[in-house]
Amino acid sequence: MPAKIKVANPNRCIGCFSCMLACSRANSDSVSLIDSAIDIRTSGGIESGIGIIVCRSCIDPPCARACPKGALTPRNGGGVVLDKDLCDSCMVCADACLPRAIHFDRADMPVICIHCGICAKFCSHDVLEIRKTEVL
Amino acid sequence: MWSKVLYIDLETGEHHTRDRSDLFDKYLGGTGVATQLLLEECPAGIDALSPENPIIFSIGPLTTIYPCASKVVSMFKSPMTGELGESHAGGRLAMAMRFAGYDSIVIKGRAAKPSYLSIHDNEVKIKDATSIWNVSSVEVTGKILREVEPGKGRRSIMRIGKAGVNQVRYANVNVDTYRHFGRLGLGAVFGSKNLKAIVISGTEEVELPDMSAYKNMYGKLYKEVVDTEVMDKYHDLGTAANINVLNQLKGLPTKNLKQSHFENAESISGEYFADNLLLRKIACSNCPIGCIHIAMLKTPFQKGHEFEVSHISYDYELIYSLGTNLGITMGEDVLRLIDRCEKHGLDVMSTGGVLAWATEMYERDLITPTDTLGISLRWGDTDNFLKMIDRIVEMPNKFYQALAKGTAVAAAEYGGEEFAINLGGLEIAGYHTGPASIVGQIVGVRHSHLDNGGYSIDQKASSQQLNEEQMVDKLIYEDYWRMINNSLVCCLFARGVYGEQNMVDALESVGIKKTREELEAMGREIFLAKYAFKKREGFDVEKVSVPKRFFETVSQLGMVQEETLEQMLELYRKKTGI
Ligand code: SF4
Ligand code: SF4
Ligand code: SF4
């Protein structure tokens, strides 16, 4: 059964960035924030709330529909799969995604969540969960 | 591997970077490298508030790489003690420096006009801060800068308040609202340089030589940090749990150390705060623990349920210094006092010490309402203490000018030195546990309880019957090894996880090979390099006078004898060669 990442308890977040570091460590072999598919950010400093932005695993993904090159294809269980060879960094997909879950790495490649669940494994506060989804 | 130092001259407006692998290879980073930079950059005998005094920030080889490697070391000559100034802070700064790509930052000179630094990856700018120079609250300063600076969401913002601008000797630098470079007066040094704030962010990627070794080690350390009990106490009630513990043991300095227990401790205890005032916990970047306890204070200001709401971070030391030490009986009142210090950017521990000394002076008629400008000082009187805090920052007369220089200086001028509770010119941390705590703060490189954890050695002494020499040996062990923790730079709250072996292994996994013995020798070398600076600037362990009060109030280990201290100091000097 495919899985998807879910922000289960956003208000428990302590803003530690462990999930972001885990995502880039596991999926990009780097220590960085920019390579992480999940995005933790505050707006108005740490004294205000903490935003958690990650792919919402759309079944009919608007990012894929928007991509003029067909680089994003719907993934079994929700979300998309990126074919880097087809992507020409036009960044149209990013605007199509309302939660703004797509951003770009230093090579201007979109960073796309593969729903591996590693970030949830390194969240000490149960903010994130990996859930099984129905196969389409 | 990481050895880039950013040099900024506020006077000329120039900046450049230099590779300093000569220093980083030898001293890892953090406190080890910062000490060398200080020795290089700070001319002997200068006034700490002159343009010559450098400000140095350093991260280390594990920063952002491993969990809880979340701190930045700052170094400067201290306007408080006139010798080594060193302070550590968390928040997001360490991560911001890592991803901006700077392992150290050295700031020199004085800007002609109020300025702030804007550092985003390779863009380094000195910008005009005239319009925010007199913004009194550090929180508001942060809000203003957030609107105009890039790096939104993950940048770090350091800034000073009015205390720093007015150069109160123990002004701190606020880091990301809830963390600080406190204690030895970095805020005053900022003020003396016309430097209001520093904003820093970055987008670098760090690649490591052996990713699979790194991932394995990360998993291991993460598990130890999160799953084991090593760090439980910092997470649950936080450090504030110590209020009840130390109170029961008679180790809790109260009312200017007239007592070592507080009859009203319950209503300002960690339990009280957690049950009644705690709002949430947050973390420094890259720390899964989240020990930063934020309380919510709701103060009615008008009829009709009009409330002023503030969010205030609290810790044990703050509750001691503005709570038990001032005889404050309600957690809410402690929060009001913390909030006021935070707003001005004052070091809370020193402010509490200064107020406690002044209160006893007033009680004994050694100062009068003429000195205090009409404020009468009484234990537990929050409103008057709030007024005092404002006056310390404004310094309207000679007495407040003295208070703004700290307890030791004020007592030298006004008397009451036998109860001016300081060690080496710095107000003490909240422990009257016995001789190791006192010796530890005298010899500690920054006169901090965190230099060697003397308080916990006292506690061990009571359960394991340690003699003087054994206590001294333990102090020295901590003094040396914590130099390594602080060079990596790992949070000292995680020192239970970063023991000798884990430090060796963690370094190896990122390509730095050092044996246990090499690290131990390096710890000693760094310690001695700091002492070289301290001595050069006139510090002499033998000249530190211990106020009589320490020997008059019972400690956790009973009455502390002067002879015990002398014996331990003598042993310490012999063994370390300081
Ligand atoms: S990236 Fe955005 S639009 Fe695309 S599947 Fe995820 S949430 Fe939907
Ligand atoms: S599920 Fe995997 S790819 Fe998606 S954000 Fe988490 S770690 Fe990254
Ligand atoms: S790991 Fe969990 S607590 Fe930490 S930032 Fe990510 S979601 Fe928040």
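The shown structure was predicted, so the numbers you read here are calculated from the model rather than taken from an experiment. (Residues numbered from 1 in each chain as written. Chains lettered and ligands numbered in written order. Predicted model: local features only at pLDDT ≥ 70, side-chain atom pairs only at ≥ 80, totals over all residues. Heavy atoms only, no water.)

*Asks:* Please explain the site of ligand 3 as it appears in this structure.
*Replies:* Taken together, C13, I14, G15, C16, F17, S18, C19, I40, F122, C123 and V127 of chain A make up the full set of residues adjacent to ligand 3. Mapping ligand 3 onto the cavity grids shows that it belongs to the largest cavity. (Near = heavy atom within 4 Å. 1 Å grid on protein atoms, 1.4 Å probe; cavity = no way out; pocket = protein on both sides within 12 Å on 5 of 7 lines; lining within 4 Å. Sits in = over half its atoms within 2 Å of the grid points.)

*Asks:* Any chance you could explain the nonpolar core here in plain terms?
*Replies:* L128 of chain A together with F57, Y66 and W357 of chain B are the most contacted members of the largest nonpolar core, which totals 215 residues. Of all hydrophobic cores here, the second largest spans 13 residues; its members include C67, A94, M109 and I112 of chain A. (Core = buried A, V, L, I, M, F, W, Y, C linked by side-chain atoms within 4.5 Å. Buried < 20%, exposed > 50% of the residue type's maximum accessible area, 1.4 Å probe, protein only.)

*Asks:* Would you take a moment to explain the domain arrangement of chain B for this structure?
*Replies:* Many analyses report the size of an interface as the accessible area lost when the parts associate. Residue and element names in this part refer to chain B. Segmentation of chain B into domains returns domain 1 (4-201), domain 2 (235-413) and domain 3 (433-495 + 515-576). Its C-alpha centre places domain 1 at a distance of 27 Å from the equivalent point of domain 3. Regarding the contact of domain 1 and domain 3, the summed buried area is about 2,400 Å², with carbon and sulfur atoms giving 65% of it. Linking K530 and E86 is a salt bridge whose minimum nitrogen-to-oxygen distance equals 2.6 Å. Elements supplying a minimum of two residues to the side of domain 1 that touches domain 3: α1 (21-27), α2 (30-41), β4 (72-77) and β5 (84-89). Ranked by residues supplied to the side of domain 1 that touches domain 3, first place goes to α2 with seven residues. Its residues placed into classes, the side of domain 1 that touches domain 3 shows 17 nonpolar, 13 polar and five charged. (Domains from an automatic or database assignment. Buried area = accessible area lost by both parts, 1.4 Å probe. Salt bridge = Lys/Arg side-chain N within 4 Å of Asp/Glu carboxyl O. Helix = DSSP H or I, 4+ residues; strand = E, 2+ residues; numbered from the N terminus. Nonpolar A, V, L, I, M, F, W, Y, C, P; charged D, E, K, R; others polar.)

*Asks:* Got a minute to help me understand the interface of chain B and chain A in this structure?
*Replies:* Contacts between the two partners involve 38 residues from chain B, matched on the other side by 33 residues from chain A. For the pair chain B and chain A, the two sides together bury roughly 3,000 Å², of which 55% comes from carbon and sulfur. For the pair chain B and chain A, the interface holds 14 residue pairs in polar contact (both at pLDDT 80 or more). Listing elements by their share of the side of chain B that touches chain A, those giving two or more residues are α3 (93-100), α4 (138-148), α7 (211-227) and β13 (278-282) of chain B. For the side of chain B that touches chain A, the class distribution of residues is 17 nonpolar, nine polar and twelve charged. (Contact = heavy atoms within 4.5 Å. Polar contact = N/O pair within 3.5 Å; in protein donor to acceptor, adjacent residues only side chain to side chain.)

*Asks:* Honestly, empty space enclosed by the protein in this entry has me stumped. Any pointers?
*Replies:* If a probe as big as a water molecule is rolled over the atoms, it shows which places are left empty. All names here are of chain A. Counting across every chain of the model gives five cavities of 30 Å³ or more. Of the volumes computed, that of the largest cavity is approximately 100 Å³. Looking at the largest cavity, it is lined by 14 residues, and the ones nearest its centre are C13, C16, C19, C123 and V127. (Points joined across faces, edges and corners; volume = space filled by probe spheres on them.)

*Asks:* Mind showing me how you'd approach the pattern of salt bridges here?
*Replies:* A pair can form between side chains of opposite charge whenever their charged atoms are brought close. Residue and element names in this part refer to chain B. Evaluated as defined, the whole model comprises 42 salt bridges over all chains. Where R20 meets D22, a salt bridge forms, and the shortest distance between an N and an O atom there is 3.0 Å. What makes R20 buried here is its relative accessible area of 4%. The salt bridge involving E360 is made with R364; its shortest N-O contact spans 3.0 Å. One network of salt bridges, in which partners are shared, links E360, R364, R549 and E552.

*Asks:* How should the pairing of strand β9 (residues 156-159) of chain B be read in this particular structure?
*Replies:* Sheet faces and side chains relate simply in a regular strand, where the side chains alternate between the two faces. All names here are of chain B. Residues S156 and M158 point to one face of β9 and I157 and R159 to the other, with burial holding for every one of them. The pairing of β9 with strand β12 (residues 195-201) spans four bridges and is classified as antiparallel. Bridge assignment links I157 to a residue of β12, and that residue is V199. The pairing of β9 with strand β10 (residues 173-175) spans two bridges and is classified as antiparallel. Across the sheet, M158 pairs through a bridge with V175, a residue of β10. (Pairing = 2+ DSSP bridges.)

*Asks:* Explanation requested: a nonpolar patch on the surface in the structure shown.
*Replies:* Residues and elements named next belong to chain B. Together, L279, M296, F307 and V309 give the surface a local cluster of nonpolar side chains, amounting to about 310 Å² of exposed area. Structurally, M296 can be placed in strand β14 (residues 292-302). Looking at M296, the relative accessible area reads 31%, which means it is partly exposed. (Patch = residues over 30% accessible without salt bridge, like charges linked within 9 Å, V, L, I, M, F, W, Y side chains within 5 Å. Areas by Shrake-Rupley, 256 points an atom, 1.4 Å probe, with all protein chains shown as cover.)

*Asks:* Honestly, the packing of aromatic side chains in this entry has me stumped. Any pointers?
*Replies:* Geometry of an aromatic ring pair is reported as the spacing of the ring centres plus the angle between the planes. The full count for this structure, using the stated rule, is 17 aromatic pairs over all chains. Through pairs of rings, three or more aromatic residues link up here, namely F122 of chain A together with Y66, Y214, Y218 and Y222 of chain B. The ring of F122 of chain A is capped by R25 of chain A, whose NZ or CZ atom sits 4.7 Å from the centre of that ring. Here the guanidinium or amino end of K534 of chain B rests over the ring plane of F539 of chain B, the centre of that ring lying 4.4 Å away. (Phe/Tyr/Trp six-rings, centres within 6.5 Å; stacked < 30°, edge-to-face > 60°. Lys NZ or Arg CZ within 6 Å of the ring centre and 35° of its normal.)

*Asks:* I would appreciate a short explanation of the sheet that holds strand β1 (residues 4-9) of chain B in the present structure.
*Replies:* Hydrogen bonds between backbone atoms are what pair the strands of a sheet, whose relative direction is either parallel or antiparallel. All names here are of chain B. The mixed open sheet is built from six strands, whose spatial order is β2-β1-β6-β3-β4-β5. Whereas interior strands pair on both sides, the edge strands pair on one side only; in this sheet they are β2 (15-19) and β5. Each adjacent strand pair in this sheet contributes to an overall mean axis angle of 20°, direction not counted. Relative to strand β6 (residues 104-108), strand β3 (residues 55-58) runs antiparallel, the two being bridged by four bridges. Its bridge partner lying in β6, I56 is registered against V106. Most of the contacts of helix α23 (residues 516-536) go to β5, to which it runs at about 135°, and overall it touches β4 and β5. (Axes fitted to C-alpha atoms, helices over the stretch in contact; angles between N-to-C directions.)

*Asks:* Could you clarify how one ought to interpret the environment of E478 of chain B in this entry?
*Replies:* Residue and element names in this part refer to chain B. Here E478 shows up in helix α21 (residues 468-488). Each C-alpha atom of the pair E478 and R154 lies 34 Å from the other, and the pair is 324 residues apart in sequence. Sequence-distant contacts of E478, that is, excluding residues within four places in its chain, are made with D451 and N452.

*Asks:* Would you explain unusual backbone geometry in this entry?
*Replies:* Backbone phi values are negative for most residues with the exception of glycine, while trans is the configuration of most peptide bonds. Geometrically, the link from L488 of chain B to V489 of chain B is a cis peptide bond, its omega value of -15° lying close to zero. Within the secondary structure, V489 of chain B is located in the loop between α21 and α22 (500-509). The backbone of M91 of chain A shows a phi angle near 70°, a positive value even though the residue is not glycine. Following the sequence through the fold, M91 of chain A ends up in the loop between β5 (80-82) and α3 (92-96). Here D121 of chain B, not a glycine, exhibits a phi torsion of approximately 50°, which is positive. Overall, D121 of chain B belongs to the partly exposed group, its relative accessible area being 22%.

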